[in-house]
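# Structural overview for review
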Amino acid sequence: NTSNNTSNNTSNNTSDGMYNPVSVPEAMSHDARCHHDARCHHDARCLSLKLENMLQLVRGVEMAGLVQASYLNGQRGDVVGQSNGKYLIQVREGEVKSLAPNRLIFPRGTRVELHSLSKDELNGMWGCVQEFDRSKGRYIIHLSEQQIVSPKPENVRL
C-alpha cells in the first residue's frame, strides 16, 4: 500500500517526448516475459510494458544538496519524467528541473529499487521508503516485514 504522496500512475514516453499517465493497479498483472499490463486513462486499451519502461510519478519529492540552484534546497516538487539518468522535477507551473537521484529525497511510501550495493544479493530488490534519516544521510527501506535496509540516496531509483 502506498501513501498519498506516491501516485498509482506511471508514465510512458510518446513520440513527441511527452509523458502520458498510465494507471497501474496495486496488483499489476505480469507475464512470464516480465511484462506488466497497465490500462491507459483515456481509453480501455491495455498495454504490456517492461518495468524498466515505466516510471513511478511521485509527488512531494524534496530537493537537497543543490549548489547552483541552492534556493531549491528544502523545496518540494513532483517527478514528471526521466532523462539521461536524471529525474525531471516539476518545481512550479512551467518550471522543470533535471536532477540526479542523489539530489532528491523520496517521501514515505515511495517504491524504490536498490542498485549498485556491495551486497549484490540486494541489487534489483524493490522496497518501500519508510523515512529518510537526515543525521545519517540514508533511507530506511522495508523490503519485507522482516528485512529493512538503509541505503544511501545514490543506491535507490524509481
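Residues numbered from 1 in each chain as written. Predicted model: local features only at pLDDT ≥ 70, side-chain atom pairs only at ≥ 80, totals over all residues. Heavy atoms only, no water.

### With respect to the sheet that holds strand S6 (residues 61-63)
The criterion, for reference: In this analysis, strands are considered paired if DSSP registers two or more bridges between them. A helix here means a DSSP run of H or I that spans at least four residues, while a strand means a run of E at least two residues long, and both kinds are numbered starting from the N terminus.
Overall, antiparallel pairing links the five strands, which are arranged S9-S8-S7-S6-S10 in an open sheet. What marks the edges here is a single partner per strand, and that holds for strand S9 (95-99) and strand S10 (104-105).

### Points about the nonpolar core
Selection rule: Nonpolar cores were defined as sets of buried Ala, Val, Leu, Ile, Met, Phe, Trp, Tyr and Cys residues, with membership established by side-chain atoms within 4.5 Å. Remark: exposure states derive from per-residue accessible area (1.4 Å probe, protein chains only) relative to the maximum for the residue type, with buried under 20%, exposed over 50%, and partly exposed in between.
Formed by 27 residues in total, the largest nonpolar core has its most connected members in Phe106 and Ile141. Looking at this core, the elements that each hand over two or more residues are strand S5 (55-58), S6, strand S8 (86-92), S10, strand S11 (111-114), strand S12 (126-133) and strand S13 (138-142). Element by element, the count of residues in this core is highest for S8, at three residues.

### Remarks on unusual backbone geometry
With a phi angle near 50 degrees, Asn84 is a residue other than glycine that sits in the positive phi range. Here Asn84 lies in the loop between strand S7 (76-83) and S8. Its identity as a non-glycine residue notwithstanding, Ser116 has a phi of 60 degrees, on the positive side. Note on placement: Ser116 falls in the loop between S11 and S12. Judged by relative accessible area, which is 57%, Ser116 ranks as exposed.

### Remarks on the pairing of S7
Sheet topology note: the S6/S7 ladder contains two bridges and is antiparallel. Directly across from Val61, in S7, lies its bridge partner Gly77. Sheet topology note: the S7/S8 ladder contains five bridges and is antiparallel. When the sheet's bridge partners are listed, Gly81 is paired in S8 with Leu88. What sits between S7 and S8 in their antiparallel hairpin is a turn of two residues, with Asn84 showing a positive phi close to 50 degrees.

Don't take any of this as a statement about function, it's just geometry.
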